[in-house]
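Understanding the architecture of this molecule
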Amino acid sequence: MSSMPPKSVDLVIEARWVVPVEPHAVVLEQHAVVVDADRIVALLPIAEARAAYAPRERVELGEHALIPGLINSHTHNPMTLLRGLADDLPLMTWLQEHIWPAEAKVIGPEFVRDGVELAVAEMLRGGTTCANENYFFPDAIGATYRKLGFRAVVGLPVIEFPTAWAKTQDEYFERAGEVHDSFLGDPLVGTAFAPHAPYTVSDASFERIRVLADQLDIPVHLHLHETAHEVEEEKKKSGLRPFQRLQKLDLVNDRLIAVHMTQATDAEIAACAEAGVSVVHCPESNLKLASGFCPAEKFRRAGVNLAVATDGCASNNDLDMFGEMRTAAILAKAVAQDAAAFDAASALRAGTLNAARAMGLEDKVGSIEVGKQADLAAVRLSDLETQPLFHVASQLVYATGRHQVTDVWIAGRRKLAGRQLVDMDVEAILARTRQWRERIAAV
């Protein structure tokens, strides 16, 4: 009896280690990921893959860990053009006296487009394949992600004052609907409501968002309990903590992506767990702005879906998810006063599958599983900075630098090859960035 001939597929990636994230904390040695079109069709030992599949392309990664593409679950990527503009300042001074005035002078579709393109180049070189975007001109943002073949959920902004994007509350909602409709069915770009924060959004707007988010079946992505000042101001205004106000408005549910949460009480943590809220932890931004410490391990132990993200480059100042996972894991141990808190496998999960779940993408990305989209990153672990190697997950979180990312795929398409961006003009990006630097500096 003759055996079946090898099946033709687009791509087989053979790796020294595959870290699928699901099952949790598993590392597979000498395994191959088989990709056809945009999907993972098999995950199996290399020898079995060679016998069963005839790929149009074979990639051999003998010194690498293959991981799911990292997911940056809270970003303001057009603000990459404001990197380093106003550092070493508290949040409200930074926002009101520096960032908002600078934005008002330069914001527009071109600023957004060029900022996103710079951010995508940086993210790909760091193994990030998906971003949860929160900024103005979402039409231009989404169009740029679509053009670049980068996966994103684009925020539909709502804020209580006029901006270059919209002048009235009705206009914010009308334009939100138009942008949402324009990306319906897009394979890479989705949408979420992005009300800025309780201190800049009215009850009436939140009520509209709640109804529309249910109707459109999209998440609600906002800053919440970022600082003690925010909480105290809301208590003076309404007698409620911001989280309590959202509870009263029926927004504390499984659509809510609550970013920062440095001021969460034990009761609020329990409420997040019960309601299915996702919390996004941005440790480096919170540390840099002295906003406080998210009790990440308390959230994790309570069963809350906890993701990790960088925030924007104006407050971080980078989009380095490897650095962010490391900071999150180490900071969580100090805050919990427990060296076993937020272990390496949990940190990697927070930067991949948990982030996908927060964004409603867990069925598509976030882990290396058959049937999911082939969003993958190859990380070379033979560098002296990651030797000797005893535990792969620990090395990825505690020792690996983003410069060790060599290859990246999104939906099966190569976006980074041997550290080189495949279809982006780096010199043109840098030239436009220098032009923006001159224009912003002159404001």
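Okay, so let's go over this structure. (Residues numbered from 1 in each chain as written. Predicted model: local features only at pLDDT ≥ 70, side-chain atom pairs only at ≥ 80, totals over all residues. Heavy atoms only, no water.)

**Focus: the pairing of strand β6 (residues 128-133)**
The test is simple: For every residue, the accessible area (1.4 Å probe, protein chains only) is compared with the maximum for its type, and the residue is labelled buried under 20%, exposed over 50%, or partly exposed between those bounds. For helices the rule is a DSSP run of H or I covering at least 4 residues; for strands it is a run of E covering at least 2, with both sets numbered from the N terminus onward. Pairing between strands requires that DSSP locate at least two bridges from one strand to the other.
Taken across its six residues, β6 has six buried, putting it largely inside the fold. In this sheet, β6 lies alongside strand β5 (residues 70-75) in parallel orientation, the contact comprising four bridges. Within β6, the residue paired with Asn 72 across the bridge is Ala 131.

**Details of the packing of aromatic side chains**
Defined as follows: When two rings of Phe, Tyr or Trp (its six-membered ring) have centres within 6.5 Å they constitute a pair, described as stacked for plane angles under 30 degrees, edge-to-face for angles over 60, and tilted for the intermediate range. Should the NZ of a Lys or the CZ of an Arg lie within 6 Å of a ring centre and within 35 degrees of the ring normal, that charge is described as sitting over the ring.
For the structure on display, the rule yields six aromatic pairs. Pairing Phe 173 with Phe 193 gives two aromatic rings, centres 6.3 Å apart and planes at 50°, and the pair type is tilted. Placement of the pair is Phe 173 in helix α5 (residues 169-182) and Phe 193 in strand β8 (residues 189-195), with a sequence separation of 20 residues. Here the guanidinium or amino end of Arg 175 rests over the ring plane of Trp 165, the centre of that ring lying 3.7 Å away.

**Describing the pairing of strand β12 (residues 305-308)**
Because side chains alternate across β12, one face comprises the buried residues Asn 305 and Ala 307, and the other comprises Leu 306 and Val 308, equally buried. As judged from the four bridges shared by strand β11 (residues 278-281) and β12, these two strands associate in the parallel manner. Looking at β12, one finds that His 281 is bridged to Val 308.

**Concerning the environment of Phe 111**
Stated precisely, the cut-off is as follows: Any two residues whose heavy atoms approach within 4.5 Å at even a single point are treated as in contact.
Structurally, the position occupied by Phe 111 is in helix α3 (residues 109-125). A sequence separation of 66 residues divides Phe 111 from Gly 177, and the C-alpha atoms of the two residues are 22 Å apart. Ignoring anything within four residues of it in the chain, the contact list for Phe 111 reads Pro 78, Leu 81, Leu 82, Val 106, Tyr 135, Trp 436 and Ile 440.

**So, the packing of α3 against helix α4 (residues 138-148)**
How we decide: For every element, the axis is a line fit to its C-alpha atoms; helices are fit only across the contacting stretch, and the angle between N-to-C directions ranges from 0 to 180 degrees. An angle below 35 degrees is read as roughly parallel, one above 145 as roughly antiparallel, one from 65 to 115 as roughly perpendicular, and any other as oblique. In this scheme, a crossing is called left-handed if the near helix is turned counterclockwise away from the far one by less than a right angle; it is called right-handed if the turn is clockwise. We call Asp, Glu, Lys and Arg charged. Ala, Val, Leu, Ile, Met, Phe, Trp, Tyr, Cys and Pro are nonpolar, and the rest, Gly among them, are polar.
Interhelical geometry of α3 versus α4 gives an angle of 40° and a closest axis separation of 9 Å. Relative to α4, α3 is oriented oblique. Relative to α4, α3 is oriented so that their crossing is right-handed. In this structure, α3 contributes Pro 109, Val 112, Arg 113, Val 116, Glu 117, Val 120 and Met 123 to the contact, and α4 contributes Ala 140, Ile 141, Thr 144, Tyr 145, Lys 147 and Leu 148. Considering only residue class, the contact of α3 with α4 consists of nine nonpolar, one polar and three charged.

**Things to note about the pattern of salt bridges**
Here is the rule we go by: Each salt bridge in this description consists of a side-chain nitrogen of Lys or Arg and a carboxyl oxygen of Asp or Glu lying within 4 Å of one another.
This structure, assessed with the given rule, holds 36 salt bridges. Put simply, Arg 301 and Asp 338 hold a salt bridge, and the shortest N to O gap is 2.6 Å. Of the two residues, Arg 301 is situated in helix α11 (residues 296-302) and Asp 338 in the loop between α12 (321-336) and α13 (344-350); the sequence distance between them amounts to 37 residues. In this structure Arg 301 comes out as exposed when scored by relative accessible area, which is 56%. The closest approach of N and O atoms between Arg 402 and Asp 320, which form a salt bridge, is 3.8 Å. Separated by 82 residues along the polypeptide, Arg 402 in the loop between α15 (392-398) and β14 (405-410) and Asp 320 in the loop between β12 and α12 bring together distant segments of the chain. Judged by its relative accessible area of 27%, Arg 402 is partly exposed. A residue is classified by how much of its surface remains accessible, and Asp 320, at 14% relative accessible area, is buried. By sharing partners, the salt bridges in this structure join Arg 113, Asp 114, Glu 117, Lys 147 and Arg 432 into a single network.

Everything listed here is a matter of coordinates, which is why it stays silent on function.
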